[in-house]
Every structure is written in structure tokens, then in C-alpha cells.
Amino acid sequence: MVDNRIEVRGLVKKYGEFAAVDGVSFDVKDNSIFAFLGPNGAGKSTTIGVLSTVQGRSAGEVRIGGRDVARDRDAVRRDLGVVFQESTLDGKLTVRENLRLHLSFYGIPRAEVPRRTEAALALVDMEEWGNAPAESLSGGMKRRVEIARALSHEPRVLFLDEPTTGLDPQTRANVWECVRRLQATRGTTVFLTTHSMEEAEIADHVVVIDKGKVVADDTPAHLKRLHTRTTLRARMDDPAGLEAFLRETGLEPRLRDGWLEAKVPGAALVVEAVRRFGGDLRDLEVSKGTLNDVFIALTGKEIRE
Amino acid sequence: MNSPVMALLARNLLKFGRDRMRLFMTLFMSGLFLFAFSFVTRGAGPLVGTPGGYLVSGVAVMTVFQTALNSSMSMLEDLSGGFLKEILVAPVPRWQVAAGQILSSMAISALQGAVVLAMGFFVGLRIDLLHGLLAFLVLLGMGASFGAIGLYLATVAKESANFQLLVVLVSLPLTFLSGAYIPAGMMPRFLLPVVWLNPLTWATASFRYVALGLEHASSSDLLRAGISFPVGGAVVGPLAGMGIVLALGGAFLLLSVERFSRADFSRIKIFKRHHR
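K.L.:
Looking at this structure, how should I read the overall build of chain A?
P.N.:
Of regular secondary structure, chain A possesses ten helices and 14 strands. Taking the principal axes of the C-alpha coordinates as reference, chain A spans close to 75 × 45 × 35 Å. In chain A, which comprises 305 residues, the share counted as buried stands at 42%. For chain A, restricting intrachain contacts to residue pairs at least 6 apart in sequence, the fraction spanning at least 24 positions comes to 70%.

K.L.:
I would appreciate a short explanation of the pairing of strand S13 (residues 259-264) of chain A in the present structure.
P.N.:
In summary, the side chains of a regular strand alternate between the two faces of the sheet. Residues and elements named next belong to chain A. Sheet topology places strand S11 (residues 230-236) next to S13; five bridges connect them, and they run antiparallel. Directly across from Arg233, in S13, lies its bridge partner Glu261. In this structure, strand S12 (residues 254-256) lies alongside S13, joined through three bridges in antiparallel fashion. Residue Arg254 lies in a different strand from S13, and its bridge partner there is Glu261. What sits between S12 and S13 in their antiparallel hairpin is a turn of two residues, with Asp257 showing a positive phi close to 50°.

K.L.:
What should I look at first to understand the sheet that holds strand S14 (residues 281-287) of chain A in this one?
P.N.:
Either a parallel or an antiparallel arrangement is found when strands of a sheet pair, and the pairing is made through backbone hydrogen bonds. Residue and element names in this part refer to chain A. Reading across the sheet, the four strands line up as S12-S13-S11-S14 and stay open at both edges, with antiparallel pairing between neighbours. Only two strands of the sheet have a single partner each, and these edge strands are S12 and S14. The sheet shows a mean angle of 25° between the axes of neighbouring strands, direction not considered.

K.L.:
Please clarify how the domain arrangement of chain A should be interpreted in this entry.
P.N.:
Interface size is commonly expressed as the accessible area that is lost once the parts come together. For chain A, the assigned domains are domain 1 (4-219) and domain 2 (229-287). Between the C-alpha centres of domain 1 of chain A and domain 2 of chain A there is a distance of 44 Å.

K.L.:
Which parts of the structure should I look at to understand the sheet that holds strand S1 (residues 4-15) of chain A?
P.N.:
Residue and element names in this part refer to chain A. Spatially, four strands are ordered S2-S1-S4-S5 in an open sheet, and the strand pairing comes out antiparallel. Each of the sheet's edge strands pairs with one partner strand only, and the pair in question is strand S2 (18-29) and strand S5 (67-68). Direction of pairing for S1 relative to strand S4 (residues 59-64): antiparallel, over a ladder of five bridges. The partner of Val12 across the bridge, within S4, is Ala59.

K.L.:
Sorry, what's going on with helix H10 (residues 291-299) of chain A here?
P.N.:
Because the α-helix completes a turn every 3.6 residues, residues three or four places apart line up on one side. All names here are of chain A. Taken together, the buried positions of H10 are Leu291, Val294 and Phe295. One side of H10 carries all its buried residues, which in axial view fall inside an arc of 100°. Residues of H10 that are buried in the fold lie against strand S9 (205-210), strand S10 (213-218) and helix H7 (220-227). Downstream of H10 by a residue or two, Gly300 has a phi angle that is positive, lying close to 75°.

K.L.:
What's the story with unusual backbone geometry in this structure? I'm lost.
P.N.:
Outside of glycine, negative phi angles account for most residues, and trans bonds account for most peptide bonds. Its identity is not glycine, yet A:Thr53 carries a phi of approximately 70°, on the positive side. Among the structural elements, A:Thr53 can be located in the loop between helix H1 (44-51) and S4.

K.L.:
Can you walk me through the interface of chain A and chain B in this structure?
P.N.:
Taken together, the contacts link 35 residues of chain A with 25 residues of chain B. Elements with a contribution of two residues or more to the side of chain A that touches chain B: helix H2 (73-78), strand S6 (80-83), helix H3 (95-105) and helix H5 (139-151) of chain A. Among the elements that make up the side of chain A that touches chain B, the one with the highest residue count is H3(A) (four residues). Its residues assigned to classes, the side of chain A that touches chain B shows twelve nonpolar, 14 polar and nine charged.

About the criteria used
- Residues numbered from 1 in each chain as written.
- Chains lettered and ligands numbered in written order.
- Predicted model: local features only at pLDDT ≥ 70, side-chain atom pairs only at ≥ 80, totals over all residues.
- Helix = DSSP H or I, 4+ residues; strand = E, 2+ residues; numbered from the N terminus.
- Buried ≥ 20, exposed ≤ 12 C-beta atoms within 10 Å, placed from the backbone.
- Contact = placed C-beta atoms within 7 Å.
- Pairing = 2+ DSSP bridges.
- Axes fitted to C-alpha atoms, helices over the stretch in contact; angles between N-to-C directions.
- Domains from an automatic or database assignment.
- Arc of directions from axis to C-beta.
- Nonpolar A, V, L, I, M, F, W, Y, C, P; charged D, E, K, R; others polar.

Right, here's the structure in full:
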């Protein structure tokens, strides 16, 4: 049993003089969901490429399950399941054939293959599509099949490289539901990259990368506590009393489109404001800071698809 | 044992069986060649064996040659379609990936060569069971060697368009300087060194030797028919020729594995997007 399933120290990946990943270090705890966040071109896919043994590195150390990914490549590969940004299914084969082929690559005994195939399809609710050609599936279904395939050899780590790119909101929700369920039931360490801050909220731990460097490394809750504040918005006929109260506490409320707005440090102040001025309120909104606010605070720019 | 090599072979055979257009084109092109060249050989008269047998063996060799080269292109399709990444993250040594690919080219091309032999009965080929089996073995050997050459070209080309160009550049001169359609004895002397360096020459010669049952033919007949060749002061016969073809195949297998192992797949471009 290892505490850190993945350890990355001073990872550098250069293309000529350009460093796509520039001295990145982080740990991923065993049996956790880890999110690697950053805008397009930040170095996420390059990092996942090195971690998943597809790419070499220019410098640094990467260990998975205590093994060096370059020196013990095949042993590391047995422990990994990878879902790339693009579909890597063989479209001319059926869903089951794709899974069987995958299992043969991982040296799973022939007698074991049917059970593993069906179990993996059941995990993502795709049993009834098992005999369909992969090319006939929708984008969301392909994603689910790829997740099933990546899990079918029972890896210790599942890499998901932007797994919901190009999917509609409902399919995105299904994919995340599937990932959460799998992590909870199987205890697989999930390493996901995404540029959707909203989606990264499911992670136990987050590393934010920008221009090849780590700019934050923490839990989503702690990052939000450190870098964001709760927003209070109140609509009332006469907001003067509430405004004065907020100013007394050192805040800077503003009136905008008939709403009084203020960034507040925590829930206690909101409760107190409601206790004092609740009777005059016509409407009230309280919104927590998001990881997107964290990203803006850390990099001075918004993350975009 | 669920070996990756055999799994890759099974996968490629399955895909070949499902590609009806490819099957049809193979049969159609072979039939067309047999039909067109039957007039040429009829005019030229028999060199060894029957004119039909001489012709069919040439077309069968060319079919195996072209099919084995083109089958190797499936690696490029896997590269552009994304499937190669699935193989590359798996704990499968690169030599096994190359071996699976070459075995697939061998099996598919030898099967097509066998179909040509079967069609050959309609244009005068006569072959007994033993010679038929031996001929199939030679087709398998040629398929493996040409598959290895094709795989090497695929690792050099890296893109389907470049590969097609390379195949044309390689296959056209090799075809016409091999004796498959035009007997080597009819070629100008200055081209003979090129003929001797051409693996297709030896493949054609050894296949004709087996398929036409020439084990009792005299040395002078074999020389005259372009089955044996005078190289320097020695005569290189069809069996040594087959050895040359297999040795070349082995060399290209090693070259392919070496290129495959060194390849930086970090810049693989996948053209089919995930969503539809």
C-alpha cells in the first residue's frame, strides 16, 4: 500500500527550446480523485503523456506506484488505464471486440476475458450496446466505452484527459456520475485533466497549471477559501440600513441594477444580515466562490475552452 | 495464452473480412490482370510450364507484393484514427506490435495470392495438392517479407498520402524489373544488376519454381526462363532466391522495430474527433 500513488518531481518536457512543462512537481494520493487544471496549451496533455508513458521527458522524476515510468515502463503500464482526449476505439470493431482486444494487450487469460468484458460494460451501463460497431456510437457512448475499456484490466490509476470535451451537458453529467461511482466502488486513483473548473469540483485535490508551471496545489475547498469570497446580493426597497451595516464590518457594498452586492468573508455575516434586515428583503442571493474565481485570482485571466 | 501478436492478427483479419469493397477490388484487379496478360503470354509462347501457369504465378506474386505493402498501411490508419495510442500505452513490446502487423500482412496477402491461384485454373494453371501447399508456403514467406518492407515504409512515411507515394515509387520499378510480367531474359543487359538486387525477382523465381513444378527442369531451362540467374560467375537458383527474400524480410523487420521503438509519438495527430 502506497500513500502517494503518483509522485512528480521537477518534471520538464521541452520541444526544442520551448518548455511545454517547466519544473512541475506534485503528488497524487492513492484512492483519490485528482484534477489537473489549466487552459488550453498549459501543459496538461503533455504531462499526462509523460505520466502515461507515451512521451519521454526532458528532465525530472515521475513515479507511479513507486516505479519510475521510464525505467519500469511495462510494469507501470499494467497499472494504468488511459482515456485520451480523442477516441482511440477501433471503429470497425464492435464494442465487445474492442474490450477483448484491450484485455489481450494486458495479458489477461483468455478464460477471464468474457467476465471482465461484461463487468466493464455493466459499470458504464453499456451491456446492450456490446455488439454495436464502435463507429456507430454517439460521442458520449464512446466515452463510456473507453472508460469501461480503460478499467477492464483493473488498473490502479485511471487517466482521463479532458473526458467531456465536445460532449453535451447531459452526457457530461453522465460521464462524471460514472467516474464518481467507479472511484467510490473500486478505489481506483483517478487523474483527470480538464479546463472546466466546474467539473473539477468533484476532485479531492487540485493542481492548477499555467504556462507549464504549477500555480496552485490544494483541495478545491481550501483554494476557494484562500482565493475567493462569498457574494451576497440583496434586493430591498431601502437598502441604506443593510449598506451601512456592511460598511461597519469593513466591506465595500455596491448598488448595481437595483441589487446591493458585497463580497463577504463567510456565512456568519450573511446570517447576521438576514437576522437584522430580513423583514425588508424582497429577494436574496448568496453564491459561493468557484474554482474559476480561484483561477482568475491566481493567473489574472479566465479559463476558456 | 492470449498473446498480443495473435490478437492483432485476429483483429486485422476480422477487419479485412468485413471490408467488402477491398475484397471485391482484390478479386477484380487480379481477374483483370489475368485476363489482360493472358493475351501477352499467348503471343510470347511458353517459357517453362504452360503459358497460363507462367502468367498466373506472376500475377499471384504481384498480388501478394501489392497487398502486403498496402496492408502495412493499416498502421498509418491506426495512427490517424487514434487506435495506435491504445496500443502504445499497453504493456506490449514494440517488436510484438510490429510482428502482429507483419503477420497480418502475411496472412491477408497470402490468402489473396491463393485466390489468384484458384482463379488460375480458368486460364490453364495445373497444380497438384503438394505443389499447391508448397506454393502457399512460399506465398506466406513472401507476404511476411513484403509486409516487413511495407511496415518500414509506413514508419518512414508517417502519413497515408506519403505512404501511397512511396509505395508507387518503390513498387512500379520493382514490378517491371522483376520478371513477373516481362521475363528477365528479355531485358537489356545494363538493367540486369537492378534485376538481381530486386527482391521481387527472387520471389517470382522461387514461386514459379514451386508452382510450376520445375524441380526436374534442367539448369539451362531455368536460366532461360528467368528462374535461375547468373550472378558474377555463379548461378543463383530459386531456393537461394527465397532465402534472399526471407533475409530481406528479417532485415526490414529489425529496421521497422528499431524505427518504431525510437519514434516520438508525442506529436501524434488524431484526425477523428471524439464527438459526432
